[in-house]
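Coordinate analysis (summary)
So you can see what is in the structure, the chains are spelled out below.
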Amino acid sequence: MGSRGDLTDAQWERLKPLLPMSNRRCGRWRDHRQVINGVLYRIRTGVQWRDLPDRYGPWKTVHERHRRWSADGTWEQLLQRIQAEADAVGDIDWDISVDSTTVRAHHHAAGARNAPPPLKKGLRTSGQDRSDLGRVDRPAGGGGAGSEALGRSRGGFTTKLHLSADGRCRVLSLVITPGQRADCTQFKSVMDKIRVPRLTTGRPRTKPDSVSADKGYSNRQTRRYLRKRSIRHVIPEKADQAAHRVRRGSSGGRAPGFDKERYKKRNTVERAINRLKNFRAVATRYDKRAYIFLGTVTTAALAVWLRS
């Protein structure tokens, strides 16, 4: 008997043609559907890998598949391909929003050995050109907690998720950093990771119709970046910034435009965050390695896209 969080037949039919055919080591992979369901069960419930139900097969197989696909970017490439299919039928609302959320790290997430993450070649897939799908920006290994995207706070270790979401509350791009990292410092990285491939020919789409964000992103660098790319944006001005501009008089320039109706849609990114945190392994970080936790969050985002 399957779990209520397992892939449905319709979801499996969408995902099946995109999966790797062989692992280049010992022939064909173990049943993809069984293993992916095991990964989804663990991410949804947050249980230890050793406590996976027997119906998903050996827990080591499930864990190793998730680790490998997190290391070589397979999870992100699957997410991008599902996004490409949605964009091809006009199912993406490109009025996007950007925000971040802090994730409390379990104490078991600390203490990773100072060894770099495995750098593996991409896996062979059927029916797609992987050269258009991009790569995962994996944090460098070694060097303590900071290199594993673990930030220190009064309550312990934290990790911050920076993301963009479309108008239908689905994740378009993800970046992880230590928990103390300011939101505005990662805005460009989040925007640059938006990359939705075309199913036929042409460059991937990287430019949204508009962007909304809260006051944490109100600075010259962010606005200059958006103007350079000719992207309409709605970011409220901070009170001290407005006061400084007024004090400068005519040399302070004009107030940035602000569309109140458009800004009301910024809650879509907050709802996207809530969807991600319904997965317990996302709401609390248990993974020691940053690249594995990024794979965990990406898999959760993929599950949301498959259900929409």
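Bear in mind that the values here come from a model prediction, so they are computed numbers and not experimental data.

All right, on to the overall build of the protein chain then. Within the protein chain one finds 11 helices and seven strands. The burial tally for the protein chain puts 52% of its 308 residues in the buried class. By sequence separation, contacts in the protein chain at least 24 residues apart represent 69% of the contacts at least 6 residues apart. Accessible surface for the protein chain amounts to roughly 15300 Å². Of this, 47% is attributable to carbon and sulfur atoms.

With that out of the way, let us pick up a positive patch on the surface. On the surface, Arg 220, Arg 224, Arg 227 and Arg 248 cluster together into a positively charged patch. Take Arg 227: it is sitting in helix α6 (residues 220–228).

This brings us to the nonpolar core. Ranked by size, the top nonpolar core spans 67 residues in total, and within it Ile 36 and Met 191 carry the most contacts. Sort the elements by how many residues they give to this core and helix α11 (residues 290–307) lands first, with 11 residues. Once residues lying within four places of it in the same chain are set aside, the contact partners of Ile 36 are Leu 7, Trp 12, Leu 15, Leu 19, Trp 69 and Trp 75. Grouped together as the second largest cluster of nonpolar side chains are five residues, Ala 105, Ala 109, Leu 150 and Phe 157 included.

A few words on the pattern of salt bridges. For the structure shown, the criterion picks out 19 salt bridges. We note a salt bridge from Asp 9 to Arg 33, for which the minimum N-O separation is 2.8 Å. In this pair, Asp 9 sits in helix α1 (residues 9–15) while Arg 33 sits in helix α2 (residues 32–45), placing the two residues 24 residues apart along the sequence. Among the ionic pairs, Asp 95 bridges to Lys 265, the shortest N-O distance being 3.6 Å. Taken together, the positions of Asp 95 in strand β1 (residues 95–105) and Lys 265 in the loop between α8 (260–263) and α9 (267–277) put the pair 170 residues apart, joining distant regions of the chain. Through salt bridges that share partners, Asp 91, Asp 166, Arg 168 and Arg 170 make up one connected network.

In this section: helix α3 (residues 59–72). Taking 1.5 Å per residue as the helical rise, α3 with its 14 residues ought to reach 20 Å, and the 20 Å between its terminal C-alpha atoms agrees with that figure. Here α3 has its buried residues at Val 62, Arg 65, His 66, Arg 67, Arg 68, Trp 69, Ser 70, Ala 71 and Asp 72. Packed against the buried residues of α3 are α2, α4 (74–88) and α11. Gly 73 sits one or two positions beyond α3 and adopts a positive phi of about 85 degrees.

Turning our eyes to something else, we now look at the packing of α2 against α11. Remark: α2 packs on α11, axes separated minimally by 10 Å, with the N-to-C direction vectors making an angle of 105 degrees. As far as their axial angle goes, α11 and α2 are roughly perpendicular. Within the contact between the two elements, α2 uses Val 39, Leu 40, Arg 42 and Ile 43 and α11 uses Thr 296, Thr 299, Ala 300 and Ala 303.

What follows is about the environment of Thr 102. By the element assignment, Thr 102 lies in strand β1. Residue classification places Thr 102 among the partly exposed positions, given a relative accessible area of 39%. Distance from Thr 102 to Lys 160, taken between C-alpha atoms, is 4.4 Å for residues 58 residues apart in sequence. Among residues more than four places away in sequence, those in contact with Thr 102 are Thr 158, Thr 159, Lys 160, Gly 179 and Lys 277.

Let us now look at the pairing of strand β3 (residues 156–165). Consecutive side chains along a regular strand alternate between the two faces of the sheet. Summarising burial for β3: nine of the 10 residues are buried, a large majority. Bridging between β1 and β3 involves eight bridges; their strand directions are antiparallel. Looking at the pairing, Asp 99 lines up with Leu 163 of β3. In this structure, strand β2 (residues 151–153) lies alongside β3, joined through three bridges in antiparallel fashion. Bridge pairing in β3 links Ser 153 to Gly 156. Hairpin connection from β2 to β3: two residues lie between these consecutive antiparallel strands. When β3 meets strand β4 (residues 171–178), the two strands line up antiparallel, connected through seven bridges. Looking across to β4, one finds that Leu 161 is bridged to Ile 176. Counting the residues in the hairpin turn of β3 and β4 gives five residues, including Cys 169, whose phi is positive at 65 degrees.

Calculation rules
- Residues numbered from 1 in each chain as written.
- Predicted model: local features only at pLDDT ≥ 70, side-chain atom pairs only at ≥ 80, totals over all residues.
- Heavy atoms only, no water.
- Helix = DSSP H or I, 4+ residues; strand = E, 2+ residues; numbered from the N terminus.
- Buried < 20%, exposed > 50% of the residue type's maximum accessible area, 1.4 Å probe, protein only.
- Contact = heavy atoms within 4.5 Å.
- Areas by Shrake-Rupley, 256 points an atom, 1.4 Å probe, with all protein chains shown as cover.
- Patch = residues over 30% accessible without salt bridge, like charges linked within 9 Å, V, L, I, M, F, W, Y side chains within 5 Å.
- Salt bridge = Lys/Arg side-chain N within 4 Å of Asp/Glu carboxyl O.
- Lys, Arg positive; Asp, Glu negative; His and termini not counted.
- Charge placed at Lys NZ, Arg CZ, Asp CG, Glu CD.
- Core = buried A, V, L, I, M, F, W, Y, C linked by side-chain atoms within 4.5 Å.
- Expected span 1.5 Å × (residues − 1).
- Axes fitted to C-alpha atoms, helices over the stretch in contact; angles between N-to-C directions.
- Parallel < 35°, antiparallel > 145°, perpendicular 65-115°, else oblique.
- Pairing = 2+ DSSP bridges.

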